[in-house]
Amino acid sequence: MHEITLTVNGVVRQARVPARRLLSDCLRHDLGLTGTHVGCEHGVCGCCTILLDGEPVRSCLTFAVTVDGREITTVEGLAGPDGALSPVQRAFAECHGLQCGFCTPGFLCTATALLRENPAPTEEEVLEGISGNLCRCTGYQNIVKSVHRAAELIAEEP
Amino acid sequence: MTTRMFGEPVLRREDPRLLTGQGRYLDDLGPRALAAAFVRSPHASARIRDIDVSGALDVEGLVAVYTWEDLPEQVGAPLPLLIPHPALTHGRTAYPLARDLVRHVGEPVVMVVARDRYLAEDACALIRVDYEVLKPVVGVEEAAHGGLLVHADVPGNAGAHLVQEVPSAAGLGAGEAIGRAPHELSFRLDIERSASMPLEGRGVYARWDADDRSLRVYSSTQTSTSVRMAIAARLGLPLPSVEVIAPDVGGGFGVKIVHPWPEEVLVPWAAILLGQEVKWTEDRREHFISAAHERGQVHFVRVGFDDEGRVLGLDVTILHDHGAYTPYGIIVPIITATQLLGPYRIGAYRVEFTSIYTNTVQVTPYRGAGRPQAVFCMERTMDHIAAHLGLDRTAVRAANLIQPDEFPYDQGLIFQDGRPLIYDSGDYPESLRMIKELIGWDGFPAVRAAAEAQGRRLGIGIGCYVEGTGVGPYEGGHVQVTSDGRVHVSTGLTSQGQGHETAFAQIAAAELGVPLERISVVTGDTRRFGYAVGTFASRAAVMSGNAIALACRKVRAKALRIAADALEADPGDLEISEGVVRVAGSPGASIPLATVATLANPLRYAFDEQAARATQFAATPAMDRPPVAEGEEPGLEGRDYYSPIRSTFASGMHAAIVETDPETAEIKILRYAVVHDCGKLINPMIVEGQIHGGVAQGVGGALYERMVYDSHGQLLNASFMDFLMPYATEIPHVETAHLETPSPLNPLGIKGAGEAGVIPVSAVIASAIEDAEGIVIDRMPISPSDLFHLRATR
Ligand code: FES
Ligand code: FES
């Protein structure tokens, strides 16, 4: 068993985990942050995407012990401290960018990182940016629309 | 205005929770539950000689290991055959844990319960099962020869055989009509296996309360009411002691209508036995090899037609591969057989299917449920006729369409609900006009020529369908207005992302005149509503939507009676808006619904100020009748059911322009257009979303997804690395247009939209590729390498 310390959504959290514990399981089951979903556990669907020091990472392909001391943002940490939805979250609601919502946390984290890097992406860049995440419900059209809308919302922010 | 809620693109009320990680999916529940895992068969066909669990016993955290022999009689009995049919003469279902024989890779053999899933899987790895490996039956045609048998007592591997015939107006059978027709064609069409593949797999979580001897089960299911009844029956529990809840469900698409899964029986059973919470969450490989697949079918078509392309006779013979078991009966081939005729008036029709066992995962409905295959048959037939006669493909379709004045139109068949297949309404010629306009059909030759000049190869395709939706037998709705003015709506069927919380609230808001924010909707929770069928066949909006509307109407009528008394007005002069009952035209005289709800429940005790108004000395009641009048019930609530005489029939037409690379045979969809008629729209934003998602699944089925079994019955691509589900980069932008022909069958005039998007896609893409390439496309999906090889054999 290993003691690890993670800063998750701005809060310092500790966990005792075996070396083989996946980060996805550590977040969901040790820390109770079940917003991060697991759709395949082999790195293809992107449901488990979180932000590790700001970079999108598949938590199902990461052992928890390897991120000791690092900073993590999960879907639970995207909204503001007052609970106000982030522009990306608002855009997904406005554009009907989700149906069952299972893939959504992964898309939200991916899009958040994408727009931080590139605040005004082209159509191609959006497609490219989300092309590692599967959604079985929406057909992606409204997800693409949501990402563009999020870019607008971010640009409008003071 | 509240009354304008119906038909508006209202934003979804489920989203704030799902966008912030506050959804409650199955595996989010029960953090302290024990974990179950299963040892599953690695062989497609084998006899179990021995199971040695001793190696697992030392695993730290192990709680229990169960094989079939450990199961009490009712628990270990074969799973139910959910939909019996006289033609299914040899229905077979699995045992919850394999007994002696395994019939497909993935069949559960041993159940392990441990402190967490890692440990449970450790234990599974140490259990030794000694198998005598048998030669499996793979491939529907080989299976149909019957040399080897999947079930020793099912000769020829034929589970079911069904023939339906509709003679022509002149009384000719299909064979005769084809024989006498000026032209005749025959060909074979194949569709391969795919699967629903929701991103959340199956899962079950059971809590036994030993103190009051009650069981609460959460399941990622499309039917919580029926799971509940199945569990109560299996475990010998009184029905009122069992509750089943479908929490947030991460997609279903058909696979989760099957029940009870082995795990839905075994997990609650173990929870009771162990006196502890137990949970099982399916992993992706398990979903591939132990849930269900669909689509695999072979079709032999013979058609006779006249010089205009009018079909005079059609004869279709279908081989349906239903895998190792038939828990869901033969619904899929029945739907193919009966929905094949689409929007057309066909002279004489004969359809015959044989449903065949193979040593593969069982086949049960996946969104579309046999219709994509049906439409592939009919639309390929239309294209063949057009090619044979040298006619425009849309002209051949137009020559065969049922006309608007012919409704209700009886196709002379018996549908999947056991009732006559009678189309309720539609306007197919208008639909065809709209799709041609949307895609630019008539202008396409110029587009093609311009592309050709640049060395590019384009093709255009079309596909039309009619979809029986809203099948019975019934759904119900319960609506309660509480004394705080809130409205609580519940219905028994379940949700998997269709936005029911929003759409049903819109219906209630419109019916009751209450602001949307005051309405909450619960689905799939048997604590709230115990009678239901489930969510499948594009039926939720039609069935529960209408039931909720009817329940609201009861509540409204009651509210008006009580308010009329209080306001000393005539109920006919009252209206409700913004949650307040008013005398029309006299703004002063009004009473909030909250107060009406209070008055509806005569009280003895005043627990708050509002309640005081309903107590015995608060008003001067009529002394000549009891406080709760005869025929009335306390409370402002109502329950009603909607049970349709038969299904509604939505319809639509899709068209696409594809580009094929002359060198690499890469296939790209340049444009995709949809004209869709699902009757009245409750929420156009949600309907569009359903269409987008359906088309994407259709594109997956047309170009990418196939289940690849080898000759040993091993599923070679049982992961997302090898089973190619489309990403955003593979899905075209979908252009949509709506036509609304209301259904005359239900009060809201709606039809259902859940499956529409997926149904004609393979037909449309095949039509377009054939047009681009001039090569007959007769099997789907088609990959670039398939196309490359087709070119080589031309
Ligand atoms: S669960 Fe991590 S990529 Fe699918
Ligand atoms: S919304 Fe269901 S998988 Fe994306």
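No experiment lies behind these values; they were computed from the predicted model shown. (Residues numbered from 1 in each chain as written. Chains lettered and ligands numbered in written order. Predicted model: local features only at pLDDT ≥ 70, side-chain atom pairs only at ≥ 80, totals over all residues. Heavy atoms only, no water.)

A. Representation of the overall build of chain A. When you go through chain A residue by residue, the secondary structure sums to five helices and five strands. A compact globule built from 158 residues should have a C-alpha radius of gyration of about 15 Å, and chain A, at 15 Å, falls within 12% of that. Among the 158 residues that make up chain A, the fraction classed as buried is 58%. Nonlocal contacts in chain A, meaning residues at least 24 apart in sequence, comprise 57% of its contacts between residues at least 6 apart. (Helix = DSSP H or I, 4+ residues; strand = E, 2+ residues; numbered from the N terminus. Rg over C-alpha atoms; globule rule 2.2 N^0.38 Å. Buried < 20%, exposed > 50% of the residue type's maximum accessible area, 1.4 Å probe, protein only. Contact = heavy atoms within 4.5 Å.)

B. Representation of empty space enclosed by the protein. Residue and element names in this part refer to chain B. Enumeration over the complete set of coordinates arrives at four cavities of 30 Å³ or more. Put simply, the largest cavity is a space of about 640 Å³. In terms of lining, the largest cavity is formed by 43 residues, of which the most central are Q498, S538, Q690, A753 and G754. Secondary-structure elements contributing two or more residues to the lining of the largest cavity are α9 (331–339), α14 (500–512), α15 (540–567) and α18 (684–704). Class assignment for the residues of the lining of the largest cavity results in 22 nonpolar, 15 polar and six charged. If you add up the space inside the second largest cavity, you get close to 190 Å³. If you go around the second largest cavity, you meet 21 residues; those closest to its centre are L79, A94, W261, P262 and Q362. For the lining of the second largest cavity, a count of residues per class yields twelve nonpolar, five polar and four charged. Viewed by domain, the lining of the second largest cavity spans two of them, domain 2 (32–134 + 196–290) and domain 3 (163–194 + 293–471 + 645–793), each represented by three or more residues. (1 Å grid on protein atoms, 1.4 Å probe; cavity = no way out; pocket = protein on both sides within 12 Å on 5 of 7 lines; lining within 4 Å. Points joined across faces, edges and corners; volume = space filled by probe spheres on them. Nonpolar A, V, L, I, M, F, W, Y, C, P; charged D, E, K, R; others polar. Domains from an automatic or database assignment.)

C. Quick peek at the interface of chain B and chain A. At the interface, 51 residues of chain B touch 47 residues of chain A. Of the roughly 4,000 Å² buried between chain B and chain A, counting both surfaces, carbon and sulfur atoms make up 59%. Where chain B touches chain A, the interface holds four salt bridges. Taking the shortest distance from any N to any O, the salt bridge between D122(B) and R20(A) comes out at 2.7 Å. (Buried area = accessible area lost by both parts, 1.4 Å probe. Salt bridge = Lys/Arg side-chain N within 4 Å of Asp/Glu carboxyl O.)

D. Region of interest: the pairing of strand β18 (residues 457–469) of chain B. All names here are of chain B. Within β18, twelve of the 13 residues are buried, leaving the element largely enclosed by the surrounding structure. Two elements, β18 and strand β26 (residues 648–660), share 13 bridges in a ladder whose sense is antiparallel. Paired with C464 across the two strands is M653, which belongs to β26. (Pairing = 2+ DSSP bridges.)

E. Quick look at the pattern of salt bridges. All names here are of chain B. Tallying each qualifying case throughout the model produces 63 salt bridges over all chains. In this structure, the salt-bridge partner of E263 is R40, at a minimum N-O distance of 3.0 Å. Taken together, the residues span a long stretch of sequence, with E263 in helix α7 (residues 262–274) and R40 in strand β1 (residues 34–40) at a distance of 223 residues. For the residue pair E263 and R40, the accessibility class agrees, reading buried in each case. For E294, the salt bridge identified is with R295, shortest N-O distance 3.1 Å. Of the two residues examined, E294 and R295, each falls in the buried class. Connected through salt bridges with shared partners, the residues R40, R117, E121, R202, E263, E282, D283 and E286 form a single ionic network.

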